[in-house]
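Commentary on secondary and tertiary structure
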Amino acid sequence: MKTFSKYFFGFWFFAFLLFAYWQINDPDPEIWVTLYIGAAIFSGLAFRGKYPLIPLAVVILVCLAGAIYFYPDSVSEWVNYELENKDLTMKTQESEEARETFGFLIIAVVLSVAAFMGWRKGK
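Residues numbered from 1 in each chain as written. Predicted model: local features only at pLDDT ≥ 70, side-chain atom pairs only at ≥ 80, totals over all residues. Heavy atoms only, no water.

**A look at the environment of A46**
Cut-off, in case you're wondering: Only DSSP runs of H or I with at least four residues qualify as helices, and only runs of E with at least two residues qualify as strands; both kinds are numbered from the N terminus onward. Should any heavy atoms of two residues lie within 4.5 Å, those residues are counted as being in contact.
Structurally, A46 can be placed in helix α2 (residues 29-47). Here A46 is in contact with F9, Y51 and A114, once residues within four sequence places are set aside.

**What to know about helix α3 (residues 53-70)**
For clarity, the cut-off: Expected helix span is given by 1.5 Å per residue-to-residue step, counting one fewer step than there are residues. Relative accessibility under 20% of the residue-type maximum defines a buried residue, over 50% an exposed one, and the middle range a partly exposed one, all with a 1.4 Å probe and only protein chains included. By construction, the arc corresponds to the directions joining the helix axis to the C-beta atoms.
When the terminal C-alpha atoms of α3 are compared, their 26 Å separation across 18 residues agrees well with the 26 Å that a helix rising 1.5 Å per residue should span. All buried positions along α3 are accounted for by L56, I60, C63, G66 and A67. What you see down the axis of α3 is that its buried residues fit within an arc of 125°, all on one side. Opposite the buried face of α3, by more than 90 degrees, sit the exposed residues I54, L61, I68 and Y69.

**So, α2**
Over its 19 residues, α2 runs 26 Å from end to end, which matches the ideal 27 Å to within 8%, given 1.5 Å per residue. Once α2 finishes, G49 follows within two positions and takes phi at roughly 85°, a positive value.

**Notes on the side chain of Q23**
Locating Q23 in the fold gives a position in the loop between α1 (2-22) and α2. For Q23, a relative accessible area of 18% gives the class buried. The contacts of Q23, once residues within four sequence positions are left out, are P29, W32, V33 and Y36.

**Some words on the UniProt feature "transmembrane region" (unreviewed entry) in the chain**
Here is the rule we go by: UniProt positions are given in the numbering used here, feature names are shortened, and annotations may be inferred rather than shown by experiment.
The UniProt feature table records "transmembrane region" (unreviewed entry) at residues 7-24, 30-47, 54-71 and 101-119. Across residues 7-24, helical content stands at 89% and strand content at 0%; the span's end C-alpha atoms are separated by 27 Å. Between the C-alpha atoms that bound residues 101-119 there is a distance of 26 Å. The span itself is 100% helix and 0% strand.

**Quick notes on the packing of aromatic side chains**
The line we're drawing: Side-chain rings of Phe, Tyr and Trp (the six-membered ring for Trp) are treated as a pair once their centres are within 6.5 Å; stacked means planes under 30 degrees apart, edge-to-face means over 60, and tilted covers the remaining angles.
The full count for this structure, using the stated rule, is 13 aromatic pairs. Taking the centre distance of 5.1 Å and the plane angle of 80° together, the rings of F13 and F14 count as edge-to-face. Judged by relative accessible area, which is 26%, F13 ranks as partly exposed. Taking the centre distance of 6.1 Å and the plane angle of 25° together, the rings of F16 and Y36 count as stacked. Taken together, the positions of F16 in helix α1 and Y36 in helix α2 put the pair 20 residues apart, joining distant regions of the chain. Accessibility classification places F16 together with Y36 in one group, the buried group. The rings of F11, W12, F16, F19, W22, W32, Y36 and F104 are connected pair by pair, giving a single aromatic cluster.

**Observations regarding a positive patch on the surface**
Definition in use: Patch criteria: residues need more than 30% relative accessible area and no salt bridge. Like-charged residues are merged within 9 Å; nonpolar side chains of Val, Leu, Ile, Met, Phe, Trp and Tyr are merged within 5 Å. Reported accessibility uses the Shrake-Rupley method at a 1.4 Å probe radius. Residues are deemed covered only where the shown protein chains occlude them. Here a salt bridge means any side-chain nitrogen of Lys or Arg lying within 4 Å of a carboxyl oxygen belonging to Asp or Glu. In this tally Asp and Glu are treated as negative and Lys and Arg as positive; neither His nor the chain ends contributes. A charge is said to be at NZ when it belongs to Lys, at CZ for Arg, at CG for Asp and at CD for Glu.
Taken together, the side chains of K2, K6, R48, K50 and K121 present a region of like positive charge at the surface. Examined against the element boundaries, R48 turns out to sit in the loop between α2 and α3.

**Brief notes about the nonpolar core**
Just so we agree on the cut-off: The nonpolar core is taken to be a set of buried Ala, Val, Leu, Ile, Met, Phe, Trp, Tyr and Cys residues, with the residues joined through side-chain atoms within 4.5 Å.
The biggest cluster of nonpolar side chains holds 28 residues, and the ones touching the most others in it are F9, W12, F16, Y36, L56 and I107. Elements represented by at least two residues in this core include exactly α1, α2, α3 and α5 (93-122).

Dropping the structure here:
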């Protein structure tokens, strides 16, 4: 299990840093760069075996609330729209919000794994 966590959180540490870099050109970079760098920090801490449960829980809840708030009306319509455009440029506000939903969900899932491992470690 220790090897899994090293690879898992090591991967997500670098992925979140990359996501933060890609968000620099976003319409609201101050939110997303901060959020992804925060997720990278928590992933780096988990890589080192440190799991601050209360801050993790707060970030997970915020991300879940954000995902619910930005959840698209129809995921299938959004996916079809993305496939029809054949590029990743931001065409509509709905497309931006749908992508933000899945950014929130990715962070929540990864940090939930960290919180679970920290909870297990504390038992």
